[in-house]
Amino acid sequence: MSGGLFESLSVGSRGLSASQTALSVTGQNITNANTEGYSRKRLEQSADWKRDGQFGQMGFGVEVDQISRVRDQLLDHTIVANQGDVGMHTQVDDAMGRMEALFTEPTEQGLGECLTSFWNAWQDLANHPGDVAARQSVVDKAQTAISRFHQLADGLQGLRGDEEVQLAAKVKDVNDLLSRISDDNQAVAAAESQPSGKANDSRDDRQLALSKLGKLLDIDYVEDAQGRVTVTSSGQMLVAPSKPLPLLMEHHSVALADGTSFTLSSLRVSGTNCAFVPKNGELAGILEARDRIIPGAQGKLDSLASSLVTSLNQLHRSGYDAQGTTGTNFFDATKTSAATIALLSEIAKNPLAVAAGSGGTSLSPSSPVSTAIPATGAALDLAQTVDPAYRDLLDGSVKIKTVGPPSVELTEGPGKDFVVDKANGRISFTNYIAFPAGTAVTVDFRYSATGFKGAGDGNNALAIAQLKDSLLANPDQHGTPTATIVNAYADMVGSIGANHSTARSKLGTSKSLSDFYGRQAQSVAGVNIDEEVTDLVKYQHSYQASAKYISTVSQMLESLMNL
Amino acid sequence: MATRITYGMTNDGIQSGLSGNFQKLDHIMNQVSSQKRILAPVDDSVGTWESLRLRSDIGSNQQYQRNVSDADGWLSVSDSALNSGNSLLLRIRDLALQAASDTYGPKERDANLLEVRQQLEQVVSMANANFNGSYIFSGTQTQIPPFTLQKNATASVAMAAGTTVPLIDQTCQDSKGNHPTAVDLLPGSLSITGLTEGKDYDVDYVAGTLTFRSTPAVTAAGTASVNFDWVRRTDLDISGDINRQVQTGQVLPINVKADQAFGKAGEDVFSAIIATMQGMHLDDSGMVRNSVDGLDRSRDTFVHAQTVVGSIQNRTEATGDGLASTGLELTKRQSTVEDVDLAQAASELSQRQQVYQASLQVAAKIIQPSLLQFL
């Protein structure tokens, strides 16, 4: 004998309630179709039955088992692991892009063109060494190149500062996510300690937080028996089952070449003493840019500036300026970095101090030397007694006359009146009979002097201009320069471009991988409105049918009552 | 491939597709509007490297062309100066040959002397030829004229019969501030108050020395005040090289030095002319005749210097032609590396536009329908 009509009524009411629950799950899915991290929920129901002695198992309506969350946990792991690459390469690509923008190459405004104009100004000076405008132009072009060096150095340092600011912001994001994961851990454990408790929404939220954390850091996570996850990164625990372990920033002051200082931060996990170095994710990308990429470019730029200063100064010191002064530098020799490179203040103030002339040995006439013929055996030593410059006398240029009247000229030559040791500037008198010791004489001669060779001497400017084609930069392991300044600069900018290109293609790869996994996850967990609307219709029908069943049973009951 | 497709997936796909297409469209639009293929080094790092090298090479090339044209100017001025010096010497030689004739009388010789003096002044100004404010025969002392005609120089000389004394120019100072010894005196310009040349004293005009004779007018221990004109060669070293770089690693000296063009001090063109003038002044046809050899030697020196200038001119001309064609090649290469190929870019642009429009149309069709519209 089957159950009574009242039992049938109860079957119908269970059907109604199951349909209603299913409808509200569908409603939840539809309204959260666009919620980030939401995974669709499904109502799991089964047929309830009881034992019937006469006919075997007998249906007892529908049983709602649980609301389950559709999710692929393996895929979740993969997504979290892949996010790290995206984060890292996003940061590196961003930093390289900003560095490129700083160099503005290849354009007329870049340092390359500034240096070309600078070298050409030296050529113009070599052509017109007597022209003050040409000297001024050398100084002006040097100032332009210097200010470009400063601009680049300041810009690079500014980029490092930006990375530091970004690091602080990202560390705050990490710590917020760590607390959120820990809070979700407690919620999951509490909900799931109940029999048949399912912490669907807390798990969704925690998974979203993990995926965001994975973009910031390289993380690994394991779930324990109570449903709590522990998060580790590079061997350090960041979320313990009971609490989060936030990252701390420790500030260090670093001195810069221009005398100012700069604050750099290192990371540490609270409760430990070791430095924390992320290996992947945005934090690693920021640190890579801050500690390797930007300082690398700074180092190359500094080495360029330093090569330029050293080599140009060396030549400049050997030259002669418009006033015949030698031995001065062109750049301030104490300032050899890109941030500090500067002209020597004398050069900046007075373009006449630019050493365009190479000088060299030239013949100079002496001032007539009035002296007396020394005693027999002693020589007249011009270099020692008159002027140390009086050496290297020109052959045949020595004219000795007695102070008259009558003024008589002495004859040079062995066996005649005097002989000359030209190299040392010594004169020995040999005719003491005609010209006895003590005779007043004037001595006149020409001698070789090293020095200024006139306002038309542009040979040092020419030598400096030729530094353009000399190997000055990129020293090898023995300290021998291997590249011209222009080549070194082109290498530097080219390698920034190449590295940026690599970073961009890595970013593209990791992004498309991440998109692929994202679609896979969406495919499992995402809400499809069409499906949900179909479900809506389905559950509406089943609700209507259950209601119809109840009204039928009710009519049957009425018939029974009216018997 | 995912088996279940949701609206979210379609939406993300459309968004990333549209943004990707628009990025490419934007990039090519930037290329077309700036006419540059490389907008940042990331677009082509090797191209950037080459472009920076080319820009530097083009800068040098333009500078070398400028140097060559400057050298050409300098050399043309040198050439025309030497050329006019040559003609002046030819005229002086004609006058000398006339004066060497025994049929010439003192008056005609004096007339020739006057003309030779005019020609000599021309030679001095030619020797001081100037290019862009630089004396071209002064070596690196370009602000100093190599030769100066000192007029009305004075010298005080102690009178002593029979001794030969050099004349020290009291009106002039050399670079050390001393009074220079005068040589190359202009015959006919020397006078001593109260004394007569040839009677009371003799002059060696080339060497610049005075010898008193033993006459009543020459009083022992008296001082003669001598007045004369002379050609002064600067005492500074004017043998420095003026160089122009005309190519990487190629530096050409472009100046002819005074010694090369005019002869060494003491045996230069002025000494030769003055020897002629001295013959005319002393009315000595034999002396004039003997001086013609010296004039010829000076002309040879001029011609030789002109040959040197010509050979440098040939080199700069050849280099200049080479530079111009290299410059064109470099600019062409730079354009290939840096500039966008307009035809290609325009066709790519229209292709990208079509792709973008197509993706917009498809997206608009896909995102509209849902089951809801049919319920």
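All chains use their own residue numbering, which begins from 1 and follows the written sequence. In the order they appear in the text, chains get letters beginning with A and ligands get numbers beginning with 1. Per-residue local features of the predicted model are confined to residues with pLDDT of at least 70, and side-chain atom pairs are confined, for both listing and counting, to 80 or more; whole-chain, interface and lining totals are unaffected and use all residues. Note that water and hydrogens are dropped before the side-chain values are worked out from all heavy atoms of the structure.

## Observations regarding the overall build of chain A
Along chain A, the regular secondary structure elements total eleven helices and 17 strands. Note that the radius of gyration is over C-alpha atoms, with the globule rule given as 2.2 Å times the number of residues to the power 0.38. Over its C-alpha atoms chain A spans a radius of gyration of 46 Å, topping by over 25% the 24 Å that the globule rule assigns to 563 residues. Its C-alpha atoms put chain A at 180 × 45 × 35 Å along the principal axes. Within chain A, contacts between residues separated by at least 24 positions form 70% of all contacts whose residues are at least 6 apart in sequence. Only the protein chains shown count as cover for residues, with accessible areas throughout obtained via the Shrake-Rupley method and a probe of 1.4 Å. Surface accessibility of chain A: about 25400 Å² in total, with carbon and sulfur atoms responsible for 54%. Counted charges follow a simple rule, with Lys and Arg positive, Asp and Glu negative, and His plus the chain ends left uncounted. Where a charge lies is defined by one atom per residue type, namely NZ (Lys), CZ (Arg), CG (Asp) and CD (Glu). Measuring between centres, the 46 positive side-chain charges of chain A sit 1 Å from its 63 negative side-chain charges. Going along the chain from the N terminus, every DSSP run of H or I of four or more residues is numbered as a helix, and every run of E of two or more is numbered as a strand. Whether two residues are in contact is decided by their heavy atoms, any of which lying within 4.5 Å being enough.

## Quick notes on the overall build of chain B
Counting its secondary structure elements, chain B contains seven helices and eleven strands. Expected size for 375 residues packed as a compact globule is a radius of gyration near 21 Å; at 40 Å, chain B overshoots this value by more than 25%. Across its three principal directions, the C-alpha atoms of chain B cover 150 × 45 × 30 Å. For the exposure calls, accessible area comes from a 1.4 Å probe over protein chains only, and a residue counts as buried if that area is under 20% of its type's maximum, exposed if over 50%, partly exposed in between. Evaluated residue by residue, chain B yields a buried proportion of 46% over its 375 residues. Across chain B, contacts joining residues at least 24 apart in sequence account for 71% of those joining residues at least 6 apart. By element, 52% of the accessible surface of chain B is carried by carbon and sulfur atoms, the whole surface being about 17400 Å². The averaged location of the 41 negative side-chain charges in chain B is 7 Å from the averaged location of its 29 positive side-chain charges.

## Thoughts on the packing of helix α2 (residues 45-100) of chain B against helix α6 (residues 285-338) of chain B
Residues and elements named next belong to chain B. Fitting a line to C-alpha atoms yields each axis, with helices limited to the stretch in contact; the angle taken between N-to-C directions then spans 0 to 180 degrees. Axis separation between α2 and α6 bottoms out at 6 Å; the angle between their running directions is 165°. The angle between α2 and α6 places the two elements in the roughly antiparallel class. The chirality of how α2 crosses α6 is left-handed. Just so you know how the angles are binned, under 35 degrees is roughly parallel, over 145 roughly antiparallel, 65 to 115 roughly perpendicular, and the rest oblique. Take the far helix as the reference: if the near one is turned anticlockwise from it by less than a right angle, the crossing is left-handed, and if turned clockwise, right-handed.

## With respect to the interface of chain B and chain A
In this assembly, 54 residues from chain B lie in contact with 61 residues from chain A. Summed over both partners, the accessible surface that disappears when two parts come together, traced with a 1.4 Å probe, is what is meant by buried area. Each partner contributes to the roughly 4900 Å² buried at the junction of chain B and chain A, and carbon and sulfur atoms together form 50% of this total. When residues of chain B are sorted by the area they lose upon contact with chain A, Arg4, Val42 and Arg55 of chain B head the list and together hold 14% of the total. Whenever Lys or Arg places a side-chain nitrogen within 4 Å of a carboxyl oxygen from Asp or Glu, that contact is recorded as a salt bridge. Inspection of the chain B/chain A interface yields four salt bridges. Salt-bridge contacts for Arg55 of chain B lead to Glu108 of chain A; the nearest nitrogen and oxygen are separated by 3.3 Å. N or O atoms closer than or at 3.5 Å make up a polar contact, with two conditions inside protein: a donor-capable atom paired with an acceptor-capable one, and, for residues adjacent in sequence, both atoms drawn from side chains. The tally of links between chain B and chain A comes to 28 residue pairs in polar contact (both at pLDDT 80 or more). When residues of the side of chain B that touches chain A are traced back to their parent elements, those giving at least two are α1 (7-34), α2 and β10 (243-247) of chain B.

## A few points about the packing of aromatic side chains
Pairing of aromatic rings covers Phe, Tyr and the six-membered ring of Trp, with a centre-to-centre limit of 6.5 Å; geometry is then stacked below 30 degrees between planes, edge-to-face above 60, and tilted otherwise. For the coordinates displayed, the defined rule picks out 18 aromatic pairs over all chains. Taking the centre distance of 6.4 Å and the plane angle of 45° together, the rings of Phe418 of chain A and Phe429 of chain A count as tilted. In this pair, Phe418 of chain A sits in strand β12 (residues 418-421) while Phe429 of chain A sits in strand β13 (residues 426-429), placing the two residues eleven residues apart along the sequence. One exposure class covers both Phe418 of chain A and Phe429 of chain A, and it is buried. Consider the rings of Phe22 of chain B and Tyr356 of chain B, whose centres lie 5.2 Å apart with planes at 40°: the pair is tilted. One end of the pair, Phe22 of chain B, is in helix α1; the other, Tyr356 of chain B, is in helix α7 (residues 342-367), with 334 residues separating them in the sequence. The class of Tyr356 of chain B is buried, set by a relative accessible area of 19%.

## Quick look at the sheet that holds β13 of chain A
All names here are of chain A. Paired strands, as defined in this entry, are two strands with at least two bridges between them according to DSSP. In spatial order, the strands read β10-β13-β12; together these three strands make up an open sheet with antiparallel pairing. Each edge of the open sheet is held by one strand with a lone partner, namely β10 (380-381) and β12. Where β10 lies against β13, two bridges are found, and the strand directions are antiparallel. Bridge assignment links Leu380 to a residue of β13, and that residue is Ile427.

## Notes on the side chain of Gln236 of chain A
Looking at the element boundaries, Gln236 of chain A is found in strand β5 (residues 236-239). Each residue touching Gln236 of chain A, except ones within four places of it in the same chain, is listed here: Val231, Val269, Thr272, Cys274, Ala275 and Phe276 of chain A.

## As for the domain arrangement of chain A
Domain ranges listed in this record stem from an automatic or a database domain assignment. Per the domain assignment, the segments of chain A are domain 1 (2-70 + 526-561), domain 2 (76-172 + 277-303 + 489-515) and domain 3 (362-448). Placing the centre of domain 1 of chain A and that of domain 2 of chain A at their C-alpha centroids yields a distance of 65 Å.

## Some words on the environment of Ile341 of chain A
Residue and element names in this part refer to chain A. Positionally, Ile341 belongs in the loop between α6 (281-318) and α7 (345-349). In sequence terms Ile341 and Lys416 are 75 residues apart; their C-alpha atoms lie 63 Å from each other. Excluding anything up to four places from it in sequence, Ile341 contacts Ile146, Phe149, His150, Ala305, Val309, Phe331 and Lys335.

## Quick notes on the pattern of salt bridges
Tallied over the entire structure, the rule returns 53 salt bridges over all chains. One salt bridge connects Arg55 of chain B with Glu113 of chain A, and the closest N-O pair in it is separated by 3.2 Å. Of this pair, Arg55 of chain B sits in helix α2 while Glu113 of chain A sits in helix α3 (residues 111-127), on two different chains. According to the relative accessible area criterion, Arg55 of chain B is buried, its value standing at 6%. Between Glu338 of chain B and Arg55 of chain B there is a salt bridge; the shortest N-O distance is 2.8 Å. Of this pair, Glu338 of chain B sits in helix α6 while Arg55 of chain B sits in helix α2, and the two are 283 residues apart along the sequence. Like Arg55 of chain B, Glu338 of chain B is buried. Among the ionic contacts, a cluster of salt bridges with common partners joins Arg40, Arg42, Glu531, Glu532, Asp535 and Lys538 of chain A together with Arg4 of chain B.

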